[in-house]
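Here is how the chains run, residue by residue.
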Amino acid sequence: MADTDVKPEIGPDAERRCGFVAVIGPTNAGKSTLVNALVGAKVAIVSHKVQTTRAPIRGIAIEGNSQIVFIDTAGIFNPKRRLDRAMVDAAWGGLEDADAVLLVLDAAANIGEDVAGIIERLKGARMPKIAVLNKIDRVEDKPKLLEFAKTIDQSLRPDRIFMISALEGQGIRDLLTYLAALVPKGPWHYGEDDVTDVPMRAQAAELTRESIYRFLHQELPYTTTVETTDWKTLKDGSARVEQTIYVERDGQKKIVLGKGGETIKKISSSARHAIEEMAGHRIHLFLFVKVRENWESDPERYREMGLPFPKS
């Protein structure tokens, strides 16, 4: 197991560093939770629902004189639908301009077909490869955890293996320090206070989608989408925000609305609080639910989500 001790340069006279780190792995490995922990702010939505992350999202962290841009990608799995293929293609596309790659794995899970396929493809990657075994707080059998790490080391030959718990914050500092020294020397690409390059309207739509999954985890497919259609700043500094929730069938629309509108009220309240926290001011949120059939065949919908459109 390669383990090079590197320390970031710190101080006003130290030369700046900046680099892109792709974060990939199977579904529900905790990639978005990890990126949020590394950045120190919520830049990616989190849900127990698989394939929550769709298009790559950039989260920006500062450590010493290093700026690290994390590319959070969709979970890699065996795609069956057009949207599946678009998400997986976008995930692998996140490696194209990366200076390093984090392979995030659930330490409490087994190495299945999806993980084996990811490892096989990563073997040819020329950038540094760091294996991150996440959710170690859920592993009681420590010898089994060490055996898991040994298997990953022998199959991938990563530059370094980290054992962490993104949810508990365990091991995050060590990983961040390591990456700060790993990224190349160069000017920062973003401002010192930036935590993501995702526009506020898009962030707001994602927060509402997160709220939908929170209340309707089992009832709705992950193809449900949200678009921020209007954002107006009012005289008192608050904002009126209109969003449309798109579902594929009338039955799904009824589920989102709920009996007497109870479900949509819960979603709206949860999303509004999250958007207010993100925006830093009061939000007046208005949600609409519409049926959009066969949108998976519409290239424009993929463009809006920041995904490539698979031709077949």
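1. What about the sheet that holds strand β9 (residues 283-291)?
Then, number 1: The three strands are arranged β7-β8-β9 in an open sheet whose pairing can be described as mixed. Two strands lie at the open edges of the sheet, namely β7 (225-233) and β9, each paired on one side alone. This sheet shows a mean twist of 20° between the axes of neighbouring strands, independent of strand direction.
Then, number 2: As paired strands, β7 and strand β8 (residues 239-247) are joined by eight bridges and run antiparallel to one another. Within β8, the residue paired with Trp-231 across the bridge is Val-241.
Then, number 3: Running over the sheet, helix α7 (residues 250-257) touches β8 and β9 and is turned about 155° from β9.
Then, number 4: Sheet strands touched by helix α8 (residues 262-279): β7, β8 and β9. Its angle to β9, the strand with the most contacts, is close to 130°.

2. Some remarks on the sheet that holds strand β5 (residues 129-134)
Then, number 1: Read across the open sheet, the six strands follow the order β2-β3-β1-β4-β5-β6; overall the sheet is mixed. In the strand order of this sheet, the two ends are held by β2 (57-63) and β6 (160-163), each with one partner. Each strand axis lies, on average, 25° off the axis of its neighbour in the sheet, ignoring direction.
Then, number 2: Relative to the sheet, helix α1 (residues 31-39) contacts β1 (17-24), β2, β3 (66-72), β4 (100-106) and β5, its axis offset from that of β3 by approximately 160°.
Then, number 3: Sheet contacts for helix α4 (residues 142-156): β4, β5 and β6; angle to β5, the most-contacted strand, approximately 160°.

3. Remarks on the side chain of Thr-263
Then, number 1: Following the sequence through the fold, Thr-263 ends up in helix α8.
Then, number 2: The class for Thr-263 is buried, based on a relative accessible area of 18%.
Then, number 3: With near-sequence residues (within four places) excluded, Thr-263 lies in contact with Leu-216, Ile-255, Val-256, Leu-257 and Gly-258.

4. Considerations on the packing of α7 against α8
Then, number 1: Where α7 contacts α8, the two axes come as close as 5 Å, and the packing angle between them is 65°. Between α7 and α8, the angle is such that the two are roughly perpendicular. Touching Ile-255, Val-256 and Leu-257 of α7 are Glu-262, Thr-263, Ile-264 and Ile-267, all from α8.
Then, number 2: Split into classes, the residues belonging to the contact of α7 with α8 amount to five nonpolar, one polar and one charged.

5. Some details on the pattern of salt bridges
Then, number 1: Inspection of the entire model under this criterion finds 13 salt bridges.
Then, number 2: Taking the shortest distance from any N to any O, the salt bridge between Glu-15 and Lys-185 comes out at 3.6 Å. Within this pair, whereas Glu-15 is found in the segment before β1, its partner Lys-185 is found in the loop between α5 (172-182) and α6 (200-215), the two being separated by 170 residues in sequence.
Then, number 3: By relative accessible area, which is 45% here, Glu-15 ends up partly exposed.
Then, number 4: Here Lys-185 falls in the partly exposed class, since its relative accessible area comes to 46%.
Then, number 5: The shortest N-O distance in the salt bridge between Arg-58 and Asp-197 comes to 3.8 Å. One end of the pair, Arg-58, is in strand β2; the other, Asp-197, is in the loop between α5 and α6, with 139 residues separating them in the sequence.
Then, number 6: Exposure remark for Asp-197: the relative accessible area of 36% places this residue in the partly exposed category.
Then, number 7: Salt bridges sharing partners connect three or more residues here, namely Asp-106, Lys-135 and Arg-138.

6. Looking at the nonpolar core
Then, number 1: Formed by 29 residues in total, the largest nonpolar core has its most connected members in Ile-24, Trp-92, Leu-95, Leu-103, Leu-122 and Leu-133.
Then, number 2: For this core, the elements supplying multiple residues, two or more each, are β1, α2 (82-93), β4, α3 (113-122), β5 and α4.
Then, number 3: Top contributing element to this core by residue count: α4, with five residues.
Then, number 4: Not counting chain neighbours up to four residues away, the residues in contact with Leu-95 comprise Ala-22, Ile-24, Val-101, Leu-122 and Met-127.
Then, number 5: The next biggest cluster of nonpolar side chains, apart from the first, holds 26 residues, and it includes Val-39, Val-104, Ile-164 and Ala-180.

Quick notes on the rules
- Along each chain, numbering runs from 1 in the same order as the chain's sequence is written.
- Under the rules for a predicted model, residues below a pLDDT of 70 receive no local features and side-chain atom pairs below 80 are neither given nor counted, while totals for whole chains, interfaces and linings still include all residues.
- Where side-chain values are given, they derive from all heavy atoms of the structure, hydrogens and water being excluded.
- Two strands qualify as a pair provided that DSSP identifies no fewer than 2 bridges between them.
- Secondary structure follows DSSP: runs of H or I at least 4 residues long count as helices, runs of E at least 2 residues long count as strands, and numbering of each begins at the N terminus.
- What counts as an axis is a line fitted to C-alpha atoms, over the stretch in contact for a helix, and the angles between N-to-C directions run from 0 to 180 degrees.
- Here, two residues are considered to be in contact whenever any of their heavy atoms come within 4.5 Å of each other.
- Each residue is assigned to one of three classes by its accessible area relative to the maximum for its type, calculated with a 1.4 Å probe on protein chains only: buried under 20%, partly exposed between the two thresholds, exposed over 50%.
- Roughly parallel here means an angle under 35 degrees, roughly antiparallel means over 145, roughly perpendicular means 65 to 115, and every remaining angle is called oblique.
- Under the scheme applied here, ten amino acids are nonpolar (Ala, Val, Leu, Ile, Met, Phe, Trp, Tyr, Cys and Pro), four are charged (Asp, Glu, Lys and Arg), and all others, including Gly, are polar.
- When a carboxyl oxygen of Asp or Glu lies within 4 Å of a side-chain nitrogen of Lys or Arg, that pair is called a salt bridge.
- Definition used in this section: a nonpolar core is a set of buried Ala, Val, Leu, Ile, Met, Phe, Trp, Tyr and Cys residues joined via side-chain atoms within 4.5 Å.

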